[in-house]
Amino acid sequence: MIATSQPSASLAGLQIMSEGGNAVDAAVAAAAVLCVSEPMSTGLGGDAFAIVRNDSGIYGMDASGPAPASAPRLPVPGGGPGSCVVPGAVAGWDALIRKFGRLELDVVLGPAIDLARNGVAAGFHCSNAWMRATRAPIEFGPAPRIGQSFTIANLAGSLREIAEGGPQAFYRGRIAHAIASATWLDEEDLATYPGARWVEPLSTSYRGVSVYELPPPTQGVAALEGLALLQELGPSLTNQVRAVALALEDAFESVRDGSDVNHLLSPEHLQRRLRHNVALAPELRGGTVYLSCVDDDGMAVSFIQSIFEPFGSGVVAPGTGIVLNNRAACFEVGGEVVPGRRPYHTIIPGMLDGTAGPRGPFGVMGGFIQAQAHVQLVSAIVDDECDPQEALDRPRFRIDQNSIHLEEGLWHCADELQKLGHTVVLEQDRRGFGGGQMILIKEDHLQGGSDPRKDGMAVGY
């Protein structure tokens with residue numbers, strides 16, 4: 001089974017598994033297709049993270065890159081040529097395939113190459129997001145209408161070069177030269193990128209269910225601390241808001257490239273935090289794609305990939321069809337760009353691994369709502385025993401701009417939250433509440449769900 005934010009990606013992953021590939025092969029194939037069918041959210045010029053679970057253990061992959069070694073410390077860039085970090089996604093695809101895959105990279109990238117060359121239909125959310133994007137590249141032409149087919153011919157060529165030459169075709173040679181010519185990155189930044197890192201996931205137990213997230217530079221610890229605090233407080237909407245607000249405050253203070261955040265999950269720290277008042281987090285933007293995949297051997301993949309804001313930096317490497325990320329904007333969390341270091345990362349894949357409870361991959365895209373939404377999704381699965389689709393369909397809250405934003409199904413809770421002194425915003429627009437995918441592994445079947453806030457679907461056979 002595979003669940004992604006675009007039907008074309010879900011079908012590509014299913015095709016790869018039906019042809020002998022495993023969950024990792026399918027996840028990489030789907031991720032590459034999403035670079036074509038949802039280009040405002042992801043691309044070869046972005047970063048990626050994954051958690052893979054198989055019979056031998058649980059593994060974390062970090063395919064994020066640093067700011068240029070020569071980057072100025074200030075000001076923090078929002079977009080444009082000076083907002084890119086070294087793209088890690090292509091190195092991440094290769095690392096996953098080499099460690100876990102059954103197929104070669106050229107086979108796995110085949111569906112994406114075909115769609116980029118011959119066309120893919122724009123989904124409802126894809127079309128609308130493209131039309132709203134302020135940095136949509138003119139090279140891509142006008143935003144497609146809903147259902148209209150579009151191609152990205154130069155991207156097909158770049159994918160073909162990578163399929164034939166591996167990641168070196170991206171980090172050296174023509175593509176690297178094009179990236180360096182359009183951004184503050186230079187060819188040395190790309191050529192010396194060490195590739196994806198294998199990292200030890202962080203974990204906590206929530207009501208007997210092990211929850212896994214990735215360490216810094218991701219905000220995964222915010223989801224884990226939020227769940228640990230919620231376990232102490234008890235599962236209610238008010239307590240969820242308090243737990244995630246406290247956890248995000250800690251993450252903004254502590255998560256940096258290479259930092260140790262295990263102390264945020266200690267019983268002593270959790271008890272201290274529960275004695276503190278809540279300071280609601282400032283709003284920061286973002287957009288991403290997330291997918292879940294499980295194969296017939298029980299291998300589970302939780303995969304997330306992003307160029308940060310819609311169409312990232314707005315810069316396309318000439319002749320490549322590759323949109324570059326604006327991930328350096330996340331240095332805003334620390335207050336300055338740090339040359340050669342990686343910024344705070346919003347994107348977080350999740351994994352449940354309960355011995356007697358739910359297990360399987362899950363995630364929610366959407367910038368800084370992700371840790372908040374992980375807490376809400378896990379609580380729905382564990383506390384209320386929802387199935388994946390039911391949990392993803394639930395209305396969400398979002399903390400930003402010192403306010404609590406509520407989707408329509410939570411409007412009746414506004415008075416309860418306002419009594420706590422919070423400003424509550426009743427939102428009619430669902431676009432700011434993320435989009436998730438989830439698959440749960442049962443004894444004799446799989447249960448999948450795909451967020452109605454996106455275009456995708458969960459499919460299996």
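Relevant structure appears above.
Because the structure is a prediction, the values reported are computed rather than measured.

Colleague: What is the right way to read the overall build of the protein chain from this model?
Modeller: A tally of regular secondary structure across the protein chain gives 16 helices and 20 strands. Computed over the C-alpha atoms, the radius of gyration of the protein chain is 20 Å, within 12% of the 23 Å expected from 2.2 N^0.38 for a compact globule of 461 residues. For the C-alpha atoms alone, the extent of the protein chain along its principal axes is close to 55 × 55 × 40 Å. Of all 461 residues assigned to the protein chain, the portion counted as buried reaches 63%. Total accessible area on the protein chain is roughly 16,400 Å²; 48% of this is exposed by carbon and sulfur atoms.

Colleague: Any chance you could explain the environment of Leu324 here in plain terms?
Modeller: Secondary-structure assignment places Leu324 in the loop between strand S12 (322–323) and strand S13 (350–353). For Leu324, a relative accessible area of 0% puts it in the buried group. For the pair Leu324 and Gly79, spaced 245 residues apart in sequence, the C-alpha to C-alpha distance is 9.9 Å.

Colleague: Got a minute to help me understand the layout of surface pockets in this structure?
Modeller: Take a probe with the size of a water molecule and roll it over the atoms, and the empty space left behind shows itself. The volume enclosed by the second largest pocket comes to roughly 280 Å³. Lining the second largest pocket we find 17 residues, and of these Leu237, Gln240, Gln376, Arg394 and Pro395 sit closest to its centre. At the level of elements, helix H12 (237–254) and helix H14 (370–382) are the ones that each hand at least two residues to the lining of the second largest pocket. The greatest single-element share of the lining of the second largest pocket, amounting to four residues, is contributed by H14. Counted by class, the lining of the second largest pocket contains nine nonpolar, four polar and four charged residues.

Colleague: Teacher, can you tell me more about the pairing of strand S8 (residues 209–213) here?
Modeller: Two faces belong to every sheet, and in a regular strand the side chains alternate between them. Extensive coverage of S8 is indicated by the burial of four of its five residues. Taken together, strand S7 (residues 202–206) and the strand that follows it, S8, pair antiparallel across an intervening segment of two residues, in which Arg207 is found at a positive phi of about 50 degrees. Where S8 meets S13, two bridges bridge the pair, whose relative direction is antiparallel. Residue pairing across strands places Tyr212 opposite Met351, the latter belonging to S13.

Colleague: Help me out: how do you make sense of the sheet that holds strand S19 (residues 446–450) in this one?
Modeller: Sheets are built from strands that pair by backbone hydrogen bonding, the pairs being arranged parallel or antiparallel. Pairing in this open sheet of six strands is antiparallel, and the strands run S7-S8-S13-S14-S18-S19 from one edge to the other. The open sheet has two free edges, formed respectively by S7 and S19, since each of these has just one partner strand. Averaged over all neighbouring strand pairs, the angle between strand axes comes to 15 degrees, with direction disregarded. Sheet topology places strand S14 (residues 359–365) next to strand S18 (residues 435–441); four bridges connect them, and they run antiparallel. Bridge assignment links Val364 to a residue of S18, and that residue is Gly436. Contacting S7 and S8, helix H11 (residues 220–233) runs over the sheet at an angle of about 20 degrees to S7. Running over the sheet, H14 touches S7, S8, S13, S14 and S18 and is turned about 145 degrees from S14.

Colleague: When you look at the pairing of S14 in this model, what are you seeing that I'm missing?
Modeller: Among the seven residues of S14, six are classified as buried, and the element is accordingly described as predominantly covered. Relative to S14, S13 is paired through four bridges, and the arrangement is antiparallel. By the bridge assignment for S14, Asp353 is matched with Arg359.

Colleague: Looking at this model, I keep getting lost on the sheet that holds strand S15 (residues 397–400). Mind explaining?
Modeller: Taken in spatial order, the three strands of this open sheet run S15-S16-S17, and their pairing is mixed. For this open sheet the edge positions go to S15 and strand S17 (423–426), each flanked by a neighbour on one side alone. On average, each strand axis in the sheet is inclined to that of its neighbour by 25 degrees, with strand direction left out of account. Relative to strand S16 (residues 403–406), S15 runs antiparallel, the two sharing four bridges. When the sheet's bridge partners are listed, Asp400 is paired in S16 with Ser403. H12 rests against S15 and S16 of the sheet, and its axis sits at about 35 degrees to S15.

Parameters at a glance
Residues numbered from 1 in each chain as written. Predicted model: local features only at pLDDT ≥ 70, side-chain atom pairs only at ≥ 80, totals over all residues. Heavy atoms only, no water. Helix = DSSP H or I, 4+ residues; strand = E, 2+ residues; numbered from the N terminus. Rg over C-alpha atoms; globule rule 2.2 N^0.38 Å. Buried < 20%, exposed > 50% of the residue type's maximum accessible area, 1.4 Å probe, protein only. Areas by Shrake-Rupley, 256 points an atom, 1.4 Å probe, with all protein chains shown as cover. 1 Å grid on protein atoms, 1.4 Å probe; cavity = no way out; pocket = protein on both sides within 12 Å on 5 of 7 lines; lining within 4 Å. Points joined across faces, edges and corners; volume = space filled by probe spheres on them. Nonpolar A, V, L, I, M, F, W, Y, C, P; charged D, E, K, R; others polar. Pairing = 2+ DSSP bridges. Axes fitted to C-alpha atoms, helices over the stretch in contact; angles between N-to-C directions. Contact = heavy atoms within 4.5 Å.

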